[in-house]
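Observations on the three-dimensional arrangement
Listed below are the residues making up each chain.
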Amino acid sequence: VSAIMTKKLTLNEAKEFMEVYDGVIKEYNYLIEQLLTGTCIVLQIECIDDNTFGEFRDFVGPKDPEIAKYIRPNTLRAKYGVDRIKNGVHCTDLK
């Protein structure tokens, strides 16, 4: 983790953050709404080697917390996620 901060996102910031998912996933609008409900903890992850992002995604767990609880019960989403929208952590697929 090279940087960490808390931030209340604006609508434009939330849309910019999630723009790669616009028109791609059906939950897009709900994800935007969720990002606007409160303060976010924002992490910047720097790649130390080719495994860094994969290891972080493994730590976060599957997008659906219900699935995470069964197949990866020690992940962040298994412990803190509620559903596919309120899944505890957004971990982008981008490097």
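Here is a short report on the structure shown in this document. Predicted, not measured: the structure shown is a model, and the values here were computed from it.

Among the structural elements, Arg77 can be located in helix H5 (residues 76-80). In this structure Arg77 touches Val60, Gly61, Pro62, Lys63, Pro65, Ala68, Asn87, Val89, His90 and Cys91, once residues within four positions along its chain are discounted.

The subject of this paragraph is the pattern of salt bridges. Applying the stated rule across the entire model yields 3 salt bridges. Salt-bridge contacts for Glu66 lead to Lys69; the nearest nitrogen and oxygen are separated by 3.4 Å. Taken together, the residues Glu66 and Lys69, both in helix H4 (residues 65-71) and 3 residues apart, mark about one turn of the helix. By relative accessible area, which is 40% here, Glu66 ends up partly exposed. Its relative accessible area of 38% is what places Lys69 among the partly exposed residues.

The next point concerns the environment of Arg77. Using a relative accessible area of 7% as the deciding quantity, one classes Arg77 as buried. Within polar-contact distance, the side chain of Arg77 engages the backbone oxygen of Val89 at 2.7 Å.

A word on the layout of surface pockets. Taken as a whole, the largest pocket spans an internal volume of roughly 1,300 Å³. Residue lining of the largest pocket: 39 residues in total, with Phe17, Ile41, Val89, His90 and Cys91 positioned closest to the centre. Those elements giving two or more residues to the lining of the largest pocket turn out to be strand E1 (3-8), helix H1 (11-18), helix H2 (28-35), strand E2 (39-44), helix H3 (52-60) and H5. In terms of residues, the lining of the largest pocket owes the most to one element, E2, which gives 6 residues. For the lining of the largest pocket, the residue count by class is 21 nonpolar, 10 polar and 8 charged.

Reading the values: rules and limits
Residues numbered from 1 in each chain as written. Predicted model: local features only at pLDDT ≥ 70, side-chain atom pairs only at ≥ 80, totals over all residues. Heavy atoms only, no water. Helix = DSSP H or I, 4+ residues; strand = E, 2+ residues; numbered from the N terminus. Contact = heavy atoms within 4.5 Å. Salt bridge = Lys/Arg side-chain N within 4 Å of Asp/Glu carboxyl O. Buried < 20%, exposed > 50% of the residue type's maximum accessible area, 1.4 Å probe, protein only. Polar contact = N/O pair within 3.5 Å; in protein donor to acceptor, adjacent residues only side chain to side chain. 1 Å grid on protein atoms, 1.4 Å probe; cavity = no way out; pocket = protein on both sides within 12 Å on 5 of 7 lines; lining within 4 Å. Points joined across faces, edges and corners; volume = space filled by probe spheres on them. Nonpolar A, V, L, I, M, F, W, Y, C, P; charged D, E, K, R; others polar.

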